[in-house]
Amino acid sequence: MAADRSAEIAERVREAAARGTPLIPQGGGTKAFLGEAVAGEPLPLAGHEGIVGYEPTELVITARAGTPLAEVEAALAAQGQMLGFEPPRLGAASTLGGVVAAGLSGPRRPWAGALRDFVLGVRLVNGRGEVLRFGGQVMKNVAGYDLSRLMAGAQGTLGVLLEVSLRVVPRPVREQTRVLALDAAGALERLAGLARRPLPLAGACHVAGRLHLRLAGAAAGVEAAAAEVGGEVMGEAEAAAFWDGVRDLAHPFFRDGEGALWRIALPPAAPPLPLAGEWLLDWGGGQRFLRSAEPAGRIREVAAAAGGHATRLSGPAAGVTVFHPLPEPILRLHRRLKAALDPHGILNPGRLYPGL
Amino acid sequence: MDGGADRTARRRARAVAETLARRLGGGCVLTDPEALRPYECDGLSAYRALPAAVVLPRSREEVREVVRACAEAGVPLVPRGAGTSLSGGAVPHPEGIVLSLARMNRVLEVDVRNRVARVEPGVRNLAVTEAAAPYGLYYAPDPSSQVTCTIGGNVAENAGGVHCLKYGLTVHNVVGVEMVTVEGEFVRLGGVAPDAPGYDLLALLIGSEGMLGVVTEATVRLLPRPVCARVLLAAFDDIPTAGEAVSRIIAAGIIPGGLEMMDGPAIRAAEDFVHAGYPVDAAAILLCELDGTPEEVEEDIGRVRAILEDCGAREVRLARDERERALFWSGRKNAFPAVGRISPDYYCMDGTIPRRALARVLEGIARLSEAYGLAVVNVFHAGDGNLHPLILYDANRPGELERTEELGLRILELCVEAGGTITGEHGVGLEKLPAMCVQFTREEIAQFHAVKEAFDPGRILNPDKAIPTLARCAELGGMHVRGGRLPFPDLERF
């Protein structure tokens, strides 16, 4: 049932703060693998749901954190709109709050922007149990520090999200996917060349010797661009299934195979990395998934040397953190920021890094 | 402000300046009152203060040295770019040092393959685009001051511009920065690789008005220059109809590169000034620019034109060529100086509202304008709801400035009541501290202070800007609608 549980959630946080009990905010629980294990009491957000504001002409939707992502996407689709960052749908139970807290974006990200680029405002409970509102429902807003975008990817360690306002975008009139047979190095080379052209790109993914380019926009623009990039046309249904598979980490690459699954973020034009394993290159080279038996330390070293960082998607393992270690001065800023929002250290402590 | 400065504190700042002059060379430190004069205010000249000194470092290491010296001595440090802030964000602290980043103006690298540029903070906004132009790339955020304003300043203010609706603000176009913390350490936030691990400190830094760290380098995203851009001009007999047209364009799934509106008085002032051929008897005009490939633009022009005509625009013109396109824009781009010609002074407001509230808020502004006896001219970014009401006044008439400020605050209250904000792009600075108390609760403001404390426990970085003290809000609370002690208690509130 759609209901506003804000007061009750805030009360729960106040109590926990008084007792010093850690709380684990929980949406649909579909992203439990994406972080360190936390000891604490679950704080379910189920039932705290409902779209509270959606005016298609404003390009903004506001919904409670426990609202199922599927419900948000259906409401947008009914008006010919969508979430431009294409959040991965890691399960039917996935909630809007979980999507924002996890900070993940899908294949459209390099061209449309990341999740945090679409966050306009939030209402949250900080670690003192205070209900606060930052940002708003308008595109341009520079009043106060931008604490709303800070919540993207913070995994509930800085506040319990109650309500989120996101910018939305029109669905493109036309989409077409072209496929080019290229090896990884050839694909990266081709992509670097295309990067300077004003093409309506909305996806560039290389897997199993094939580069998939998704074009999206006005019909005439897509036609013209398709002629320019060449390759074979992929059937519409097949293309939709392919991009959904990449977006939702459901492509066979993610399901089958040996070794741990890693996500390596890199400058897009970085050459193929000298790491053994199976690769899937997304975001035009900016996000690369690796299935590999190589030691975590070496994976992180190679990624860092190439200007990037690596996240372990197979969950924590003995002696291996999920997230790439932070340099000491940055970690110090993180700890002090955490203390500023959650002075008692009760919100999902340790989920990202020790002490956060 | 200058006369009231604490002498001991000012002497302390002078001592730091002398130390820095020895270490960095005398040419890097200004202390002579005449040399300090150009730094006493920014683009909002109503607020002024002479700093104890101005330091102009030439390198990141020198910036760090300045930050360390000030932090050790507890001397306020105000970073400054070109000083084009319109909210007093770069006004010096009378007991502090201004850190000018103007000499750090090198484009360090244009990385074409990754479509980014690395620049020093003192590089001018337009210079980034100039450096990228040979590769067919450009930097999208284009504040009106882009010829002069610097990237460091853009980061501090989260600057926008005409292209924001489609291409975003600074926060969407800066992918990384290197900054010096108040402890004097270099840290890199964000980067060319997407989604840096940990908290999104970069998002927090952008728009923080120089209060959390000093930027020594920025990495900005470059976009391929659109092959084609064309602009439509539509004239309307009333403002609500023009507002309706804006909503319908966006509802149709079209995101214009620019979508700007001017009301009748703005049209006439601009026409008198630049002779753009605007229809001077219209109640409002819309300028709608579409960009992309020629095929996309062609398609969108047809759709937008149909919407405008269907909405009841009494005239729709398509700029025939680049010359006419520039002419259509010239009126909008010169609207502020044009208004300057018809009034001795004007005060520019900067609120954002949801587009659907446009007609209602403009009506409210008209009523307030009448009640205060001060004319208001409206020029704004219709696509993203960012209003710039210009209040016309005469500073030589006793009490008129005070009434203007009062009216300004009322207008911002209207914006907040409509679900909007007190500043869309100019920042809070010194100017909008009172308005912050309208938009945020005590707890929210306390949270901002706690965040500031996390980065700058000694409160030396651009202190007393952007976030009001709680005491100040309590004091100002009496001035607000809720308090009932208004100078104009008979005014209608909406």
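Residues numbered from 1 in each chain as written. Chains lettered and ligands numbered in written order. Predicted model: local features only at pLDDT ≥ 70, side-chain atom pairs only at ≥ 80, totals over all residues. Heavy atoms only, no water.

1. A closer look at the packing of aromatic side chains
Heads up, the rule is: Pairing of aromatic rings covers Phe, Tyr and Trp, the last counted by its six-membered ring, and requires centre-to-centre distances within 6.5 Å; plane angles under 30 degrees mean stacked, over 60 mean edge-to-face, and any other angle means tilted. Helix and strand assignments come from DSSP, with helices taken as H or I runs of at least 4 residues and strands as E runs of at least 2, each series counted from the N terminus. Only protein chains enter the accessibility calculation, which uses a 1.4 Å probe. A residue is then buried if its area is under 20% of the maximum for its type, exposed if over 50%, and partly exposed in between. Counting as a charge over the ring demands two things of the Lys NZ or Arg CZ atom: a distance within 6 Å of the ring centre and an angle within 35 degrees of the ring normal.
Scanning the model with the defined rule gives 10 aromatic pairs over all chains in all. Where F85(A) meets F118(A), the ring centres are 5.4 Å apart and the plane angle is 45 degrees; that geometry is what we call tilted. Placement of the pair is F85(A) in the loop between β5 (81–82) and α3 (96–102) and F118(A) in helix α5 (residues 115–118), with a sequence separation of 33 residues. Grouping residues by exposure puts F85(A) and F118(A) together as buried. Between F242(A) and W243(A), the aromatic rings sit 5.1 Å apart at their centres with planes inclined by 80 degrees, giving edge-to-face as the arrangement. An aromatic cluster is built from F134(A), Y145(A), F440(B) and F448(B), whose rings are joined through pairwise contacts. Against the face of W243(A) rests R214(A), its NZ or CZ located 4.8 Å from the ring centre. Over the ring of Y138(B) we find R225(B); its NZ or CZ atom is 4.8 Å from the centre of that ring.

2. Observations concerning the pattern of salt bridges
All names here are of chain B. The line we're drawing: Between Lys or Arg on one side and Asp or Glu on the other, a salt bridge is scored when a side-chain nitrogen of the former is within 4 Å of a carboxyl oxygen of the latter.
Under the counting rule described, the total for this entry stands at 60 salt bridges over all chains. A salt bridge links R397 to E400; its shortest N-O distance comes to 3.4 Å. Here E400 falls in the buried class, since its relative accessible area comes to 6%. Here E413 makes a salt bridge to R410, at a shortest N to O gap of 3.0 Å. With E413 and R410 both in helix α15 (residues 400–417), this residue pair falls 3 residues apart, about one helical turn. Residue classification places R410 among the buried positions, given a relative accessible area of 2%. Residues joined in a network through salt bridges with shared partners are R60, E61, E109, R118, E178, R188 and E217.

3. Considering the domain arrangement of chain A
Residues and elements named next belong to chain A. As a reminder, the rule being used: The start and end points of each domain follow an automatic or database-based domain assignment. Summed over both partners, the accessible area (1.4 Å probe) lost when two parts come together is defined as the buried area. Amino acids are sorted into nonpolar (Ala, Val, Leu, Ile, Met, Phe, Trp, Tyr, Cys and Pro), charged (Asp, Glu, Lys and Arg) and polar (every other residue, Gly among them).
Domain boundaries in chain A define domain 1 (6–170), domain 2 (174–246) and domain 3 (257–314). Using only C-alpha atoms to locate each centre, domain 1 and domain 3 end up separated by 28 Å. Overall, the association of domain 1 and domain 3 removes approximately 500 Å² of surface from exposure, summing both partners, and the carbon and sulfur fraction of that is 69%. For the interface between domain 1 and domain 3, the tally reads 0 salt bridges. Residue classes in the side of domain 1 that touches domain 3 are distributed as 5 nonpolar, 2 polar and 1 charged.

4. Thoughts on the packing of helix α14 (residues 358–372) of chain B against α15(B)
Residue and element names in this part refer to chain B. How we decide: Lines fitted to the C-alpha atoms define the axes, with helices restricted to the stretch that makes contact. Angles between their N-to-C directions range from 0 to 180 degrees. Oblique is the label for every angle not falling under 35 degrees (roughly parallel), over 145 degrees (roughly antiparallel), or within 65 to 115 degrees (roughly perpendicular). Helix crossings are classified by the rotation of the near helix relative to the far one: an anticlockwise turn of less than a right angle makes the crossing left-handed, while a clockwise turn makes it right-handed. Any pair of residues with heavy atoms lying within 4.5 Å of one another is described as a contacting pair.
At a closest axis distance of 10 Å, the pairing of α14 and α15 adopts a crossing angle of 160 degrees. Judged on the interaxial angle alone, α15 and α14 are roughly antiparallel. Here the hand of the crossing between α14 and α15 comes out right-handed. Along the contact surface, α14 presents V361, G364, I365, L368, S369 and Y372, while α15 presents R403, E406, L407, R410, I411 and L414. Residues that form the contact of α14 with α15 fall into these classes: 7 nonpolar, 2 polar and 3 charged.

5. Focus: the packing of helix α8 (residues 219–229) of chain A against helix α11 (residues 294–311) of chain B
For the pair α8(A) and α11(B), the least separation of the axes is 7 Å and the interaxial angle reads 170 degrees. On the basis of their axis angle, the class for α8(A) and α11(B) is roughly antiparallel. Residues A219(A), A220(A), G221(A) and A224(A) of α8(A) pack against E295(B), E296(B) and E299(B) of α11(B). Its residues assigned to classes, the contact of α8(A) with α11(B) shows 3 nonpolar, 1 polar and 3 charged.

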